[in-house]
Amino acid sequence: MQETRQFRGISKRLAANYLENLGGARTDESGDRIEGDGWHADLSEEKVDVVGSITLTEVTVDFEGDDETLEPLIEDFARKAIRAGG
């Protein structure tokens, strides 16, 4: 299973910390790839315009793994990310 999600209002560093708290480990120096048992996630971030001159950081997470493992992981991650972003 592969799924890509975007989350606004959190940083890539915070997203990586959330994924570590959910059982993953950083596998590269930049912290762009987090791997867990039966899954991995690749992170990227960019600034996006919201309204006028207001910008937010948007983190894109490309999840990949076993269906049974990934579905609850994405749900748990989304709960953490949404709470942090506002």
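Here the structure is shown first, and the text comes after it.
**A few points about the overall build of the chain**
Scanning the chain for helices and strands turns up 2 helices and 5 strands. Taken over C-alpha atoms, the radius of gyration comes to 13 Å for the chain, in line with the 12 Å a tight globule of 86 residues would show. Overall, the C-alpha framework of the chain stretches about 40 × 25 × 20 Å when taken along its three principal axes. In the chain, which comprises 86 residues, the proportion classed as buried is 33%. Restricting to contacts in the chain with at least 6 residues of sequence separation, those with at least 24 account for 53%. Of the roughly 5,100 Å² of accessible surface on the chain, 42% is carried by carbon and sulfur atoms.

**Considering the pairing of strand β3 (residues 33–36)**
Taken together, the 2 bridges between strand β2 (residues 25–26) and β3 define a ladder with antiparallel strand orientation. Residue pairing in the sheet places A25 in a bridge with E35 of β3. Linking β2 to β3, which pair antiparallel, is a turn of 6 residues; within it G31 sits at a positive phi near 75 degrees. The pairing of β3 with strand β4 (residues 39–51) spans 4 bridges and is classified as antiparallel. Of the residues in β4, the one forming a bridge with E35 is H40.

**Some thoughts on the environment of R83**
Tracing the backbone through its elements, the reader meets R83 in helix α2 (residues 67–85). Judged by relative accessible area, R83 falls into the exposed class, the value being 60%. Separated by 74 residues in the primary sequence, R83 and G9 place their C-alpha atoms 9.8 Å from one another.

**Considering the environment of L73**
With respect to the helices, strands and loops of the structure, L73 is situated in helix α2. Along the sequence, L73 and L22 sit 51 residues apart, while their C-alpha atoms lie 7.3 Å from each other. Dropping the residues within four chain positions of it, L73 is found in contact with L22, W39 and F63.

**Some thoughts on the nonpolar core**
Residues L19, L43, V61, F63 and F77 are the most contacted members of the largest nonpolar core, which totals 19 residues. If you list the elements that add at least two residues to this core, you get α1 (12–21), β4, β5 (54–65) and α2. Here this core gets 6 residues from one element, more than from any other, and that element is α2. Those residues in contact with L19, other than ones at most four positions away along the chain, are G24, I34, W39, A41, L43, F63 and F77.

**Observations concerning the sheet that holds β5**
A sheet is described by the order of its strands in space; here 5 strands give the open sequence β1-β5-β4-β3-β2, paired in antiparallel fashion. Two strands in the sheet have a free side with no partner beyond their single neighbour: β1 (2–8) and β2. In the packing of α1 onto the sheet, contacts are made with β2, β3, β4 and β5, and the angle to β4 comes to roughly 145 degrees.

Cut-offs and rules
- Residues numbered from 1 in each chain as written.
- Predicted model: local features only at pLDDT ≥ 70, side-chain atom pairs only at ≥ 80, totals over all residues.
- Heavy atoms only, no water.
- Helix = DSSP H or I, 4+ residues; strand = E, 2+ residues; numbered from the N terminus.
- Rg over C-alpha atoms; globule rule 2.2 N^0.38 Å.
- Buried < 20%, exposed > 50% of the residue type's maximum accessible area, 1.4 Å probe, protein only.
- Contact = heavy atoms within 4.5 Å.
- Areas by Shrake-Rupley, 256 points an atom, 1.4 Å probe, with all protein chains shown as cover.
- Pairing = 2+ DSSP bridges.
- Core = buried A, V, L, I, M, F, W, Y, C linked by side-chain atoms within 4.5 Å.
- Axes fitted to C-alpha atoms, helices over the stretch in contact; angles between N-to-C directions.

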